[in-house]
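Here is what each chain is made of, one letter per residue.
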Amino acid sequence: MAAPQDVHVRICNQEIVKFDLEVKALIQDIRDCSGPLSALTELNTKVKEKFQQLRHRIQELEQSAKEQDKESEKQLLLQEVENHKKQMLRKTTKESLAQTSSAITESLMGISKMMSQQVQQSEETMHTLVNSSRTILDANEEFKSMSGTIQLGRKLITKYNRRELTDKLLIFLALALFLATVLYIVKKRLFPFL
């Protein structure tokens, strides 16, 4: 029958392997993750949790190794603990790379968002410019129309001024003719002998 200590060591080893596989799977998920940022952050949090559990199990295995009665088993387990620590150190490097990747992704997403806002502002500015241009063209057309109307009005005023001058001349001539006629009639009636 296996000693409780041996059972504990086997359980620790199984859990270490399990956490190790879970960490590898999560790191692969991080590599494959294309967003959003919240999903990447959640994966990073899960990796940290699994690393903490993995560290805890390695510490338990180390403690169990130190409690072994036989020196050969103790050394064998301590060697296994060292191997797990080395593997964990390589995975910690991957975790830090994943965190750096996450930070870079977050930064790129922020830049992308800023660029998107800039493009939207540019589109709004372009839309405003198009509307302003259309308004200016409409105003220009209206000005041309008004200019034509003003020129027509100027021609009509000039024509009416000429007509007024002609009318005044005709009235003066008619008045002169009337006065001449009146003088002629008065002269014939009062001075018939002249």
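All residue numbers refer to position in the chain's written sequence, counted from 1. Where local features are concerned, this predicted model is filtered to residues with pLDDT of at least 70; where side-chain atom pairs are given and counted, the filter is 80 or more; whole-chain, interface and lining totals use all residues. The side-chain values count all of the structure's non-hydrogen atoms but skip hydrogen atoms and water molecules.

A.B. asks: Could you clarify how one ought to interpret the overall build of the protein in this entry?
C.D. replies: Within the protein, the regular secondary structure consists of 3 helices and 0 strands. Starting at the N terminus, helices and strands are each numbered in turn, a helix being any DSSP run of H or I of at least four residues and a strand any DSSP run of E of at least two. From first element to last, N terminus to C terminus, the protein shows the α and β order α-α-α. Note on classification: 1.4 Å probe, protein chains only; a residue is buried when its accessible area is under 20% of the maximum for its type, exposed when over 50%, partly exposed between these limits. Counting only residues that meet the buried cut, the protein has 16% of its 194 residues in that class. Using the Shrake-Rupley algorithm and a 1.4 Å probe, accessible areas are obtained, with residue cover drawn only from the displayed protein chains. When the accessible area of the protein is evaluated, it comes to approximately 15,300 Å², of which 61% is carbon and sulfur surface.

A.B. asks: Is there a simple way to explain the environment of Ala 65 in this structure?
C.D. replies: Summarising the element assignment, Ala 65 is placed in helix α2 (residues 37–66). On the basis of relative accessible area, Ala 65 is assigned to the buried category, the value being 0%. Apart from the residues within four sequence positions on either side, Ala 65 is in contact with Lys 74, Leu 77 and Leu 78. Two residues form a contact once any of their heavy atoms are found within 4.5 Å.

A.B. asks: Mind showing me how you'd approach the nonpolar core here?
C.D. replies: One recurring pattern in soluble globular proteins: nonpolar side chains tend to sit buried together. What is meant by a nonpolar core is a set of buried Ala, Val, Leu, Ile, Met, Phe, Trp, Tyr and Cys residues, joined one to another through side-chain atoms within 4.5 Å. Core analysis: the largest hydrophobic core is formed by 19 residues, its most contacted members being Leu 54, Ile 58 and Leu 61. Within the residue set of this core, elements represented by two or more residues are α1 (4–32), α2 and α3 (71–190). Setting aside anything within four residues of it in sequence, one finds Leu 61 in contact with Val 9, Cys 12, Asn 13, Ile 16, Leu 77, Glu 80, Val 81 and His 84.

A.B. asks: In this structure, what is going on with the pattern of salt bridges? I would like to understand it.
C.D. replies: Any Lys or Arg side-chain nitrogen found within 4 Å of a carboxyl oxygen on Asp or Glu counts as a salt bridge. Throughout the structure, instances matching the rule amount to 4 salt bridges. A salt bridge links Glu 60 to Arg 57; the nearest nitrogen and oxygen atoms lie 2.7 Å apart. Here the residue Glu 60 and the residue Arg 57 both occupy positions in helix α2, the gap between them amounting to 3 residues, near one helical turn. The class for Glu 60 is buried, based on a relative accessible area of 19%.

A.B. asks: Just to check I follow, could you spell out the confidence of the model for the protein for this structure?
C.D. replies: When pLDDT is averaged along the protein, the result is 80, and 87% of the positions lie at 70 or above. Per residue, pLDDT measures the predictor's confidence, with a range of 0 to 100. Confidence scores differ between elements of the protein, with α1 showing the lowest mean pLDDT of 76 and α3 the highest of 82.

A.B. asks: Whenever I open this one, the environment of His 84 confuses me. Can you help?
C.D. replies: Position of His 84 relative to the elements: it lies in helix α3. In the structure, His 84 is positioned 71 residues away from Asn 13 in sequence and 9.6 Å away in space, judged by C-alpha atoms. Not counting residues within four places of it along the chain, the set of residues in contact with His 84 comprises Asn 13, Ile 16, Ile 58 and Leu 61.

A.B. asks: Which parts of the structure should I look at to understand a nonpolar patch on the surface?
C.D. replies: A cluster of nonpolar side chains, contributed by Leu 175, Phe 178, Leu 179, Val 182, Val 186, Leu 190, Phe 191 and Phe 193, occupies part of the molecular surface with about 820 Å² of accessible area. With respect to the element layout, Val 182 can be found in helix α3. Residues enter a patch when their relative accessible area is above 30% and they make no salt bridge; the linking distance is 9 Å between like charges and 5 Å between nonpolar side chains (Val, Leu, Ile, Met, Phe, Trp, Tyr).

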